[in-house]
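Secondary and tertiary structure notes
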Amino acid sequence: TVTVPSFKTVTVPSFKTVTVPSFKTVTVPSFKIVTVPPFKTVTVPSFKTVTVPSFKTVTVPSFKTVTVPSFKTVTVPSFKTVTVPSFKTVTVPSFKTVTVPPFKTVTVPSFKTVTVPSFKTVTVPSFKTVTVPSFKIVTVPSFKTYDLVIGCRVEVFKGLNGLISLIATIVSKALRDQDYKRPAPFPYKTDKYGFFAALLDKTTHRFDENSKVIVVDGPIAAGKTEFAKEIADELDMLYVPHANMDMLYINPYGYDMRQLDSQLPDSVKSFDEKNFLQNPKDPNAAGFQFHMFRLRLVQYIDALAHVLSTGQGVVMDRSVYSDFVFIDAMANFGYISKPARNLYYECKAMTVPELMRPHLVVYLDMPVDVVLQRIQERNLPHEVNSPVLTREFLSYMEQVYKKHGHSELLVYDWSEKGDCEVVVEDIERLNFEFDKNDPKMADWKLTDEWDWCKQRMLFTKNKDKILMWMNVPGFSVPELVVNAEDHKVFEDVWWNVSTWC
């Protein structure tokens, strides 16, 4: 009998054969992760006896022989308890015999790495019972040697190529050590993170397995918001809602500036999602989409600032990387002009490459018929009677989206809505391999700690260096140009409200 409840992943590369004949019972309750806190490396070449105390608890009654072909013999009679919490790497090349005569408890605290490269055969005859309570995860990355750069779990490591990268896994809240506490965050929303702050407050020591960016995307009415919130909760990440024009029109005092439209010329009146869905050929439609692009750009920059300043990952409802789908569809159906589309792509080319791409996109897919049915079911007036949300428009958006890929991608048929727990399990099984030839993860491979600090400065104190490219005037696009008189009226009305608010 082998009973392994809740076992998620054990990856052990470069073993060739493991033979374990004659087990009677192996019970591994709650086996989820073996956590590896701060350590360096223990190298033990050519010795006779090694006593290594202190994991969590391994109860191994009646071991007889463990034969490992590149070692000659290890004989361990009559173990009762071995407690070994929190080790990470021990390199033990080429010893001949280790004999451990009868003892009750061996405690070996605080190793950091155990690296046992290139075993060919492990033979373990005649176990009767092995009980391993409360372990959490064993992850062995697929390269031979690495130096840990920071402590607090297996997180950021420096590979043989000299790059500092994030660990290539994500774990759910249920699989984390219950005692795990994230380091104190840097207050990036109130304090400027500049050069001197970077000298005192480094970046990578806050990273853990979930210091990543996940984007939930899909057609309208797919249930992205509810799903993204559940995923964020399961993975202990920050939920970032979808960008909308409320972020522009509702000022810091809670006043909705759209109430001022009666005092404004048509060219500077508010224009949001509801207006577009009811009147897509309005001259302000192009300006609306440029505003949406800028809002998504700011939101994504702030999400990166959050990850780098706190170590907490984020789950976003849409992102700037899928915004192009809307501009292409609007241009294709004649709602905006081709020059407006061209200017959009100029702005995108100057801004988006400065960002770090998301690690994962979860796409909730639905046939167009189901999308139309969902729109009718939720019965929002601006959607139900919209001349935009037609079968042709929705089909075109789906087609454009599926032609592009910028991250790891999981696609689910969400016609009947699925189980978020299943998606979380799929995410945990993903290997975000930091291959130097993989363009998807290239943004997250930086050469040293200072490079991480510079990225963090860019997305916090210096984010205006990215956003300034959105201020380039588009005089070649008439629908984006406001005459001086209208703009003066707009400024007077808005600034007057800002003053008395």
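Note that this is a predicted model, so its numbers are computed, not measured. (Residues numbered from 1 in each chain as written. Predicted model: local features only at pLDDT ≥ 70, side-chain atom pairs only at ≥ 80, totals over all residues. Heavy atoms only, no water.)

1. Structural notes on the nonpolar core
The test is simple: Put simply, a nonpolar core is a bunch of buried Ala, Val, Leu, Ile, Met, Phe, Trp, Tyr and Cys residues held in one set by side-chain atoms that sit within 4.5 Å of each other. Summary of the burial criterion: residues with accessible area below 20% of their type's maximum are buried, those above 50% are exposed, and those between are partly exposed, where the area comes from a 1.4 Å probe applied to protein chains only. What counts as a helix is a DSSP run of H or I of at least four residues, what counts as a strand is a run of E of at least two, and both are numbered from the N terminus. Residue contacts are counted whenever heavy atoms from the two residues lie within 4.5 Å of one another.
Core analysis: the biggest nonpolar cluster contains 110 residues, and Val213, Phe227, Ile231, Phe276, Leu355 and Phe459 have the highest contact counts within it. With 16 residues, helix H5 (residues 285–310) is the largest single contributor of residues to this core. Those residues in contact with phenylalanine 459, other than ones at most four positions away along the chain, are Ile301, Leu304, Ala305, Leu308, Glu354, Leu355, Met356 and Ile466.

2. Observations concerning the pattern of salt bridges
This is how it is decided: Every case where a carboxyl oxygen of Asp or Glu lies within 4 Å of a side-chain nitrogen of Lys or Arg is listed as a salt bridge.
In total, this model carries 24 salt bridges according to the counting rule given. Arginine 456 is the salt-bridge partner of aspartate 201, the closest N and O atoms lying 2.7 Å from each other. Of this pair, aspartate 201 sits in the loop between helix H1 (195–200) and strand E17 (213–217) while arginine 456 sits in helix H12 (residues 449–459), and the two are 255 residues apart along the sequence. What makes aspartate 201 buried here is its relative accessible area of 17%. Judged by relative accessible area, arginine 456 falls into the buried class, the value being 0%. The salt bridge partner of aspartate 365 is lysine 402, with a shortest N-O separation of 2.8 Å. Taken together, the residues aspartate 365 in strand E20 (residues 360–365) and lysine 402 in helix H10 (residues 391–402) connect sequence positions 37 residues apart. Among the charged side chains, a salt-bridge network with shared partners connects Arg176, Arg182, Asp208, Glu209 and Asp236.

3. Quick notes on the packing of H5 against helix H6 (residues 324–332)
Between two packed helices, what matters for the description is the angle formed by their axes and the separation of those axes. Here is the rule: Between N-to-C directions, angles span 0 to 180 degrees; the directions come from axes that are lines fitted to C-alpha atoms, helices contributing only their stretch in contact. An angle below 35 degrees is read as roughly parallel, one above 145 as roughly antiparallel, one from 65 to 115 as roughly perpendicular, and any other as oblique. Throughout, the ten residues Ala, Val, Leu, Ile, Met, Phe, Trp, Tyr, Cys and Pro are labelled nonpolar, Asp, Glu, Lys and Arg are labelled charged, and all others, Gly among them, are labelled polar.
In the contact formed by H5 and H6, the axes pass within 10 Å of each other and the chain directions differ by 170°. With respect to H6, the element H5 is oriented roughly antiparallel. Residue-level inspection shows Ala285, Gln289 and Arg296 of H5 in contact with H6, the latter providing Phe326, Ile327 and Met330. Taken together, the residues of the contact of H5 with H6 break down into four nonpolar, one polar and one charged.

4. Points about the pairing of strand E19 (residues 314–317)
Rules: At least two bridges found by DSSP between two strands is the condition for calling them paired.
Of the two faces of E19, both are covered, the one formed by Val314 and Met316 as well as the one formed by Val315 and Asp317. Bridge count between E17 and E19: four bridges; the pairing is parallel. Each residue of the ladder has a partner; that of valine 213, found in E19, is valine 314. With three bridges joining them, strand E18 (residues 238–240) and E19 adopt parallel strand pairing. Its bridge partner lying in E19, valine 240 is registered against methionine 316.

5. Details of the sheet that holds E17
Hydrogen bonds between backbone atoms are what pair the strands of a sheet, whose relative direction is either parallel or antiparallel. The strand order across the open sheet built from five strands is E18-E19-E17-E20-E21, with neighbouring strands paired in parallel fashion. Every other strand in the sheet has two partners, leaving E18 and strand E21 (408–413) as the edge strands with one partner each. Sheet twist, expressed as the average angle between the axes of neighbouring strands with direction ignored, equals 20°. Where helix H11 (residues 420–429) meets the sheet, it contacts E20 and E21, and its direction lies at approximately 155° from that of E21.

6. Observations concerning the confidence of the model for the protein
Our working definition: pLDDT measures the predictor's confidence residue by residue and takes values from 0 up to 100.
Averaged over every residue, the pLDDT of the protein is 75; residues scoring 70 or more account for 64%. Note that pLDDT drops below 50 for residues 14–18; the model gives that stretch eleven contacts with residues more than four away or on any other chain. Low pLDDT, under 50, characterises residues 26–165; the stretch is placed with 343 contacts to residues that sit more than four places away or in other chains.

7. Overview of H5
Selection criterion: Here the expected length of a helix is defined as 1.5 Å per residue gap, with one fewer gap than residues.
The end-to-end C-alpha distance of H5, which contains 26 residues, comes to 37 Å, matching closely the 38 Å that a straight helix rising 1.5 Å per residue would cover. By the criterion of burial, H5 is predominantly enclosed, with 23 of the 26 residues buried. Glycine 311 lies just past H5 and shows a positive phi near 85°.

8. Here's the deal with the environment of serine 407
Stated formally: Two N or O atoms form a polar contact when they lie within 3.5 Å of each other; inside protein one atom must be a possible hydrogen donor and the other a possible acceptor, and for residues adjacent in sequence the pair counts only when both atoms belong to side chains.
Looking at the secondary structure, you find serine 407 in the loop between H10 and E21. In this structure the C-alpha to C-alpha distance between serine 407 and valine 215, which are 192 residues apart in sequence, comes to 9.6 Å. Leave out the neighbours within four places in its chain, and serine 407 touches Arg357, Pro358, His359, Leu360, Val361 and Lys440. In this structure the side chain of serine 407 is engaged in a polar contact, spanning 2.7 Å, whose partner is the backbone oxygen of proline 358.

9. Re a nonpolar patch on the surface
Here is the rule we go by: Like-charged residues within 9 Å of one another, or nonpolar side chains (Val, Leu, Ile, Met, Phe, Trp, Tyr) within 5 Å, are grouped into patches, provided each residue has over 30% relative accessible area and no salt bridge. Surface exposure here means Shrake-Rupley accessible area, sampled with a 1.4 Å probe, where a residue is shielded only by the protein chains that are shown.
On the surface, Phe195, Phe196, Leu199 and Leu200 cluster together into a nonpolar patch covering about 510 Å² of accessible area. Within the secondary structure, phenylalanine 195 sits in helix H1. Look at phenylalanine 195 and you get partly exposed, because its relative accessible area is 44%.

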